[in-house]
Amino acid sequence: MPIRYSPESVVIADTSAGILEWAARHIEHVGLHLGPRLFAGPGRTATLPCWPRGALEVAAGHGRGAAGRTYDWDRIDRARDQAFAILAETLTGHPVDADEPAAKALHGKVIDRWSAEPGRTAADVARAFRTAAARAEHALF
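Numbering of residues starts from 1 in each chain and follows the order in which that chain's sequence is written. Local features in a predicted model are, by the rule used here, given only for residues with pLDDT of at least 70; side-chain atom pairs are given and counted only at 80 or more, and totals for whole chains, interfaces and linings are based on all residues. Hydrogens and waters are ignored; side-chain quantities use all the structure's heavy atoms.

Asker: Quick question: what am I supposed to make of the pattern of salt bridges here?
Answerer: Where charged atoms from two side chains of opposite charge approach closely, those side chains can pair. What counts as a salt bridge is simple: a side-chain nitrogen of Lys or Arg found within 4 Å of a carboxyl oxygen of Asp or Glu. Under the definition given, this model contains 12 salt bridges. The closest approach of N and O atoms between Glu21 and Arg25, which form a salt bridge, is 2.9 Å. Highlighted residues: Glu21 and Arg25, both in helix α1 (residues 16–30), separated by 4 residues, approximately one helical turn. Partly exposed describes any residue whose relative accessible area lies between the buried limit of under 20% and the exposed limit of over 50%, with all areas from a 1.4 Å probe on protein chains only and scaled to the type maximum. Among the residues examined, Glu21 registers a relative accessible area of 23% and is labelled partly exposed. Of the charged contacts in the structure, one is a salt bridge between Arg80 and Glu57, with a shortest N-O distance of 3.8 Å. Here Arg80, found in helix α3 (residues 73–92), pairs with Glu57, found in helix α2 (residues 52–59); they are 23 residues apart in sequence, far enough to count as distant. Residues participating in the shared-partner salt-bridge network are Glu21, Arg25, Glu28 and Arg130. Working definition: helices are DSSP H or I runs of at least four residues, strands are E runs of at least two. Numbering for both runs from the N terminus.

See the structure below:
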């Protein structure tokens, strides 16, 4: 069953496709903001960032867990890392390989460079997330 987007939700996706889809909806909801206005405006706070890498972290539960609720953080963290990798691959058109722990940093740099390109919109980001989510559904990790 797919997880429905809600910025207040304490339900956290534990698949890379689910995380990418939740992040797409988050960017659509709060918009895309980079630089000094990163946390400005309605629906955007220090725990609900509105830039691509931040949206992926929020989708993977950063700032959204609930006390008293049990989460499989190992599974969620693996799915988040896979989401980063498949998004970076989707944006570049080829695998972005690196040895751990450098892989996550390299994937983040690819995503940051792409998102910082002039004219980038929230719709662009949501589309990229959904393209990556579709690829993640068919990937074997």
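Asker: I would appreciate a short explanation of the nonpolar core in the present structure.
Answerer: Nonpolar side chains in soluble globular proteins generally cluster together in the buried interior. Nine residue types can take part in a nonpolar core, namely buried Ala, Val, Leu, Ile, Met, Phe, Trp, Tyr and Cys, and a core is a set of them joined through side-chain atoms within 4.5 Å. Ile19, Leu20, Leu56, Leu87 and Phe129 are the most contacted members of the largest nonpolar core, which has 32 residues in total. Elements that contribute at least two residues to this core include exactly α1, α2, α3, α4 (102–115) and α5 (122–138).

Asker: Explain the environment of Ile86 to me, please; I cannot follow it from the model alone.
Answerer: Turning to its location among the elements, Ile86 is positioned in helix α3. Each C-alpha atom, one on Ile86 and one on Leu20, is 9.5 Å from the other, the two residues being 66 residues apart in sequence.

Asker: How do you make sense of α1 when you look at a structure like this?
Answerer: Note on helix geometry: an α-helix contains 3.6 residues per turn, so any two residues three or four positions apart are oriented the same way. With 15 residues, α1 extends 21 Å between its outermost C-alpha atoms, agreeing within 8% with the 21 Å of an ideal straight helix rising 1.5 Å per residue. All of the buried residues along α1 are Ser16, Ala17, Ile19, Leu20, Trp22, Ala23, Ala24, His26, Ile27 and Val30. The criterion used for residue contact is that any of the two residues' heavy atoms lie within 4.5 Å. Against α2, α3 and α5 lie the buried residues of α1. In the stretch just after α1, Gly31 is the one whose phi turns positive, near 90°. In a helix, the anticipated span is given by 1.5 Å times the number of residues less one.

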